[in-house]
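Examining the three-dimensional arrangement
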Amino acid sequence: MLKGKRIVLGITGSIAAYKACLIIRGLIKAGAEVQVVITPAGKEFITPITLSALTHKPVISEFFSQRDGTWNSHVDLGLWADAMLIAPCTASTLGKMANGIADNMLITTYLSMKAPVFIAPAMDLDMYQHPSTQQNMERLKSFGNHIIEPASGFLASGLEGKGRMEEPEIIIEKLDKFFRGERLKVKGERINLKGKKVLITAGPTYEKIDPVRFIGNYSSGKMGFALAEECARRGAEVTLVAGPVALPTPTTEEGAGTIHRIDVESCEEMYQAATEAFKNSDAAILCAAVADFRPATQATQKIKREKDDLVIRLEPTHDIAAALGQMKTEKQVLVGFALETNDEEMNAKKKLQKKNLDFIVLNSLRNKGTCFQSDENQISILSASGKKDYEKKTKQEVAKDIVEELAKEMNSQGRNAAGNPLHTSISQEATGGRYE
C-alpha cells in the first residue's frame, strides 16, 4: 500500500538518527517517494549527503539558502505529502510540536501538514517517563497524530528500559497498515470474516533423521502468515498452526480479529493440531509446505560418518489436505495450492479433483523471484468454471486476492447468506512438499 505514496521523513537530533537510513530504504523498496526534512541538531548525527544519496532528493533543513536566497516552502510540503513520519523524534521536538514552537523547518512543515502525521519517539527512559513528555504525547494524540510507541531495550545511556525508537521494519509496517485501512475506507470494502473462526497452517515441517538432522524444505511461511494477517484484518479469529519459521506473529489492529499461534515441527504434530482445530473452525487455510515423506526410523544419537553411503528408508506422512477433504461437509469450501515445476496446469487440475477441492491456487517455480523465501508471488486460480491469472504481487496483496476470491465463491454458492456461518477451507499441495 506504500507504492506511489509521498512521505515526508522528519529527522531530529537523536542517536537513533542512523536508523532513518533503514526507514528510507524500506519505504523506497515498497515504492514510496521520500523527502527528508532534518533539524540542525539532526545533522550532527547523520549527514545530508547520506540521506540525499538514499532518497535521490536534496535534503531540506533551513528555511532559505544563505548563498542565493532560495527558500523551501513548508506549505508546499504539507500539500505534497501523503503522510509525514518523524523518526526519530526527540523530547525537545515533541514539546515544540505540542506547543506550536515553529523555530525550525521541521516544525513549520509539521504545522502546515495536511496529511496524517506519525511520530516515533526516541529518548532515554527517564525522559520518556517524565510527566511533561507524557503530557506532550497525549496532547499530540488529541490533535490526531499517530504515536508509534518506543520499544524497551538497551539505550545509548547504557541503561535499559522503554525509550528505544521502534525498529524501522515495524514503523514501515504501521504506515503500510494505515494506508491499507484508508484504501478500505475509500473503496468501501467489506470485512466479511467478522467473528468467523479460521484455521491456517504455514511454513515447513521438519522430519527428524537423528537429533541434529532433518528432512525439510525452503518454505519461509510468508504466504501463510500473510493469509493469517488478511483474515484477521477482515475480523476473523485465526488459529495459526506454524511450522519452524523465523517470523513474528502478525499484529492486529484495534477492532480487527485475533491470531492465536500454535508452533509445531513435524507433519504428525501439524496433522494433530490441524484436524483438532478444524472441528471448531468455520474456515481452514492449509498453506504449509508439509513434507511428503519422513524417515521410517529416527536415530536416537547423531549418525556418524563411517562409510561412503547411507541409505535412509522413507515412509509417507499424513496427507493433511486429503484428510480435511474427507472431513469436509457440504457447507464447507476446500481450496488448494499447487506449487509446480512442470506441466503446471495439468498437475493442478489433477489435484483439484483428487483432493476434493472447490478451486486451486497455482504458482510455479518458473516464475523467478516468487514462491520460497520471496516477498512476492504470482498465482493463477483454477476451478471448474475456468482459470484466472494474476500479475506478480507482494504476498500481502496475493493474500487479499485469495481471500476475496474465496468470498466470491461463498456468495456464488449461496453459502454466505445473512445469518449463515462462513465455512471455508484452503489447503495446499506441491510435488516434493506441499508448498509454502
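Rules of the game
- Residues numbered from 1 in each chain as written.
- Predicted model: local features only at pLDDT ≥ 70, side-chain atom pairs only at ≥ 80, totals over all residues.
- Heavy atoms only, no water.
- Salt bridge = Lys/Arg side-chain N within 4 Å of Asp/Glu carboxyl O.
- Buried < 20%, exposed > 50% of the residue type's maximum accessible area, 1.4 Å probe, protein only.
- Helix = DSSP H or I, 4+ residues; strand = E, 2+ residues; numbered from the N terminus.
- Contact = heavy atoms within 4.5 Å.
- Pairing = 2+ DSSP bridges.
- Right-handed = clockwise from strand over helix to strand, strands pointing away.
- Axes fitted to C-alpha atoms, helices over the stretch in contact; angles between N-to-C directions.
- Parallel < 35°, antiparallel > 145°, perpendicular 65-115°, else oblique.
- Left-handed = near helix turned anticlockwise from the far one by under 90°.
- Nonpolar A, V, L, I, M, F, W, Y, C, P; charged D, E, K, R; others polar.

Summed over all chains, the structure comprises 26 salt bridges. A salt bridge links R261 to D263, with the nearest nitrogen and oxygen atoms 2.9 Å apart. Given the relative accessible area of 52%, D263 is considered exposed. The partner of D319 in a salt bridge is K355, with the nearest N and O atoms 2.5 Å apart. Taken together, the residues D319 in the loop between β15 (314–316) and α11 (320–327) and K355 in the loop between α12 (344–354) and β17 (359–364) connect sequence positions 36 residues apart. Given a relative accessible area of 26%, D319 falls into the partly exposed group. Here K355 falls in the buried class, since its relative accessible area comes to 9%. Here the salt bridges do not stand alone but share partners, grouping E138, K141, E149 and K162 into one network.

Right, let's get into the environment of A226. Take A226: it is sitting in helix α9 (residues 222–233). Residue classification places A226 among the buried positions, given a relative accessible area of 5%. Sequence separation between A226 and T394 is 168 residues, and the spatial gap between their C-alpha atoms is 9.5 Å. With residues near it in sequence (within four places) discarded, A226 still touches K395, Q396 and A399.

On to the pairing of strand β1 (residues 6–11), then. Within a regular strand, the side chains alternate between the two sheet faces. In terms of residue burial, β1 counts as a mostly covered element, since 5 of its 6 residues are buried. Where β1 lies against strand β2 (residues 33–38), 6 bridges are found, and the strand directions are parallel. Across the sheet, L9 pairs through a bridge with V36, a residue of β2. Traced from β1 through helix α1 (residues 19–29) to β2, the parallel crossover comes out right-handed. As defined by bridge partners, β1 adjoins strand β3 (residues 83–89) across 4 bridges and the pair is classed as parallel.

Pairing of β17 with strand β19 (residues 380–383), which is carried by 4 bridges, proceeds in the antiparallel orientation. Residue pairing for β19: F359 is matched across the bridge by S383. Sheet topology note: the β19/strand β20 (residues 386–389) ladder contains 4 bridges and is antiparallel. Bridging from a neighbouring strand, S380 pairs with D389 of β20. Taking the residues between adjacent antiparallel strands as the criterion, β19 and β20 are bridged by 2 residues.

Moving on, we get to the sheet that holds strand β5 (residues 146–147). Read from one edge of the open sheet, 5 strands run β2-β1-β3-β4-β5, paired in parallel fashion. Each edge of the open sheet is held by one strand with a lone partner, namely β2 and β5. Pairing of β3 with strand β4 (residues 117–121) involves 4 bridges; the strand directions are parallel. Note that in β4 the partner of L85 across the bridge is F118. Its contacts with the sheet place helix α4 (residues 91–99) against β3 and β4, and it is angled at close to 140 degrees to β3.

Our next topic: α1. Looking only at α1, the buried set comprises K19, A20, C21, I23, I24 and L27. Remark: G31 follows α1 within two positions and exhibits a positive phi of approximately 100 degrees.

This part covers the environment of V117. With respect to the element layout, V117 can be found in strand β4. Put simply, V117 and L9 are 108 residues apart on the chain and 10.0 Å apart in space, counted from C-alpha to C-alpha. With sequence-adjacent residues up to four places away left out, V117 is seen in contact with M84, I86, Y110, N145 and H146.

The next thing to look at is the packing of α4 against helix α5 (residues 105–112). Here α4 crosses α5 at 40 degrees, and the two axes come no closer than 10 Å. Overall, the two elements α4 and α5 adopt an arrangement that is oblique. The two elements α4 and α5 cross, and the hand of that crossing is right-handed. Where α4 approaches α5, its residues T93, K96 and M97 are matched on the opposing element by L106, I107 and Y110. Considering only residue class, the contact of α4 with α5 consists of 4 nonpolar, 1 polar and 1 charged.

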